[in-house]
Amino acid sequence: MEKAFLRALERAKEGQELTHQDIKSLLAADEQESQLLFAHADWVRQQNVGSDVHLRGIIEFTNYCRQHCHYCGLRADNTNAVRYRLSEDDILATARLAAQCGYRTLVLQGGEDVHFSPEDIARITSEVKKMGVAVTLSFGEYSRDIYQLWRDAGADRYLIKQETADEKLYQTIRPGKKLKDRLQCQQDLKELGYQLGSGSMVGLPMQTLDILARDLELMRQMDVDMSGIGPFIPHPDTPLGNYTSGSVAMTLKMIAVARIIMPLVLLPATTSLATLAPNGRELSLRAGANVIMPNVSPQEFRAFYAIYPNKASSPDPINETRRRLIALIEGENRTVGQDFGHSPKAQFQQ
Ligand code: 5AD
Ligand code: SF4
């Protein structure tokens, strides 16, 4: 085993704040070292956030998007994408079904679709809140005033990933956009009292170990409540379509180090990892993850929310999927979170 790896792991076990170099050494772990890394991350998870795994239902309510992200199949320029948007009634009916099924958090996720006005989103949010669930919005970059409107309407959390901590890489994969503006959105959201979800992709073209370490350091610095880390998966109808997918092994190491350096953070076992590895959810849960976010959107639209190809999704009714996930969680000797699953960092009175 590498001396640098063992030294960094030792420092982690002593509870020291890991340096950039420590993080890089941990991310460089080989297969055997990775097992030690995952075991420690699993221990940190148990000590800090216990055995609960939180289930969140995702409603993908529109796949229209005004943005041009080079990695994403929903980008405005992809004319092969079949577009849909749910009506307000269908969004609410979907939410009601998921709430009845037992979900205590619903994530309203969409591309940046200007068809929905800020007032529409506020109205939908307040209606969904009445169903007795926590609401996460994931709808892209808007002004602070609009985030304020949605917060006032009852939104508890907002998911807006940094994608990459490297300014240059960011501008390459999100042309015309700046990381600084994304981070400003995150800062605004935090100041408005949202629980903040960030995250990044693993295996982007030109990404280095140094950048991966900085991804984690940036999330630590932003003091995020949630961090969704998943592999990049090329979509053929995008400018990055000819690149290769991110590695499952590196994604798991990123999850484990995220747990170690941000002990209280909510860490989903991402759908993208489950897409690349059939046991991706189990492997994530063993490496520090404590959230699973199944799709609860109406079946007939799911295939069209193709941010990348072959996105893992169950053909079963949502109550059946939920039962299967509960069995998966219990099979890992874990428990299913029964409460809202708020960020342990946020002292919310719900
Ligand atoms: N591979 C993996 N993840 C992707 N995302 C978008 N496109 C891809 C892709 N090709 C993720 C991004 C984004 C979210 C909508 O999905 O992290 O934040
Ligand atoms: Fe739109 Fe999000 Fe896809 Fe970018 S990643 S094109 S903002 S849906």
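Computed from a predicted structure; not experimentally measured. (Residues numbered from 1 in each chain as written. Chains lettered and ligands numbered in written order. Predicted model: local features only at pLDDT ≥ 70, side-chain atom pairs only at ≥ 80, totals over all residues. Heavy atoms only, no water.)

Things to note about the overall build of the protein
When you go through the protein residue by residue, the secondary structure sums to 14 helices and nine strands. Expected size for 350 residues packed as a compact globule is a radius of gyration near 20 Å; at 19 Å, the protein falls within 12% of this value. A principal-axis box enclosing the C-alpha atoms of the protein has dimensions of 60 × 40 × 40 Å. In the protein, buried positions account for 59% of the 350 residues. Carbon and sulfur atoms provide 50% of the accessible area of the protein, an area that totals close to 14,500 Å². Of the charged side chains in the protein, 40 are positive and 43 negative; the average position of the first set lies 1 Å away from that of the second. (Helix = DSSP H or I, 4+ residues; strand = E, 2+ residues; numbered from the N terminus. Rg over C-alpha atoms; globule rule 2.2 N^0.38 Å. Buried < 20%, exposed > 50% of the residue type's maximum accessible area, 1.4 Å probe, protein only. Areas by Shrake-Rupley, 256 points an atom, 1.4 Å probe, with all protein chains shown as cover. Lys, Arg positive; Asp, Glu negative; His and termini not counted. Charge placed at Lys NZ, Arg CZ, Asp CG, Glu CD.)

Considerations on the site of ligand 1
Close to ligand 1 lie Tyr71, Cys72, Lys161, Glu163, Met201, Pro231, Phe232, Ile233, Ile307 and Tyr308. The separation between an oxygen atom of ligand 1 and a polar side-chain atom of glutamate 163 is 2.4 Å. When isolated, ligand 1 has an accessible area of 400 Å², and the protein chains bury 85% of it. A breakdown of the residues in the shell around ligand 1 according to their chemical character gives eight nonpolar, no polar and two charged. (Near = heavy atom within 4 Å. Polar contact = N/O pair within 3.5 Å; in protein donor to acceptor, adjacent residues only side chain to side chain. Nonpolar A, V, L, I, M, F, W, Y, C, P; charged D, E, K, R; others polar.)

Things to note about the nonpolar core
Grouped together as the largest cluster of nonpolar side chains are 99 residues, with contacts concentrated most on Tyr147, Trp150, Tyr158 and Leu216. Here the element with the most residues in this core is helix α10 (residues 248-261); it accounts for nine residues. Of all hydrophobic cores here, the second largest spans seven residues; its members include Ile58, Val107, Met226 and Leu266. (Core = buried A, V, L, I, M, F, W, Y, C linked by side-chain atoms within 4.5 Å.)

Some points on the site of ligand 2
The local shell around ligand 2 consists of Cys65, Gln67, Cys69, Tyr71, Cys72, Arg75, Gly111 and Arg174. Class assignment of the residues belonging to the shell around ligand 2 gives a composition of four nonpolar, two polar and two charged.

Describing the packing of aromatic side chains
What the rule picks out here adds up to twelve aromatic pairs. The interplanar angle of 10° and the centroid separation of 5.5 Å between the aromatic rings of phenylalanine 139 and tyrosine 142 together place this pair among those described as stacked. The ring of tyrosine 64 is capped by arginine 85, whose NZ or CZ atom sits 4.0 Å from the centre of that ring. Across from the ring centre of phenylalanine 340, 4.4 Å away, lies the NZ or CZ of arginine 104, which sits over that ring. (Phe/Tyr/Trp six-rings, centres within 6.5 Å; stacked < 30°, edge-to-face > 60°. Lys NZ or Arg CZ within 6 Å of the ring centre and 35° of its normal.)

Points about the sheet that holds strand β9 (residues 335-336)
Judged by pairing direction, the sheet is parallel, and its three strands sit side by side in the order β8-β1-β9 without closing on themselves. What marks the edges here is a single partner per strand, and that holds for β8 (291-292) and β9. Contacts between helix α14 (residues 318-331) and the sheet are confined to β1 (52-55), β8 and β9, with β1 contributing the most and set at about 165° to the helix. (Pairing = 2+ DSSP bridges. Contact = heavy atoms within 4.5 Å. Axes fitted to C-alpha atoms, helices over the stretch in contact; angles between N-to-C directions.)

A short note on helix α8 (residues 179-191)
With 13 residues, α8 extends 18 Å between its outermost C-alpha atoms, agreeing within 8% with the 18 Å of an ideal straight helix rising 1.5 Å per residue. For α8, every residue scored as buried is listed here: Leu179, Arg182, Leu183, Cys185, Gln186, Asp188 and Leu189. For α8, the secondary structure elements touched by its buried residues are α6 (144-152), β5 (157-159), α7 (167-173), β6 (195-202) and α9 (209-222). Immediately downstream of α8, the backbone of glycine 193 shows phi near 90°, a positive value. (Expected span 1.5 Å × (residues − 1).)

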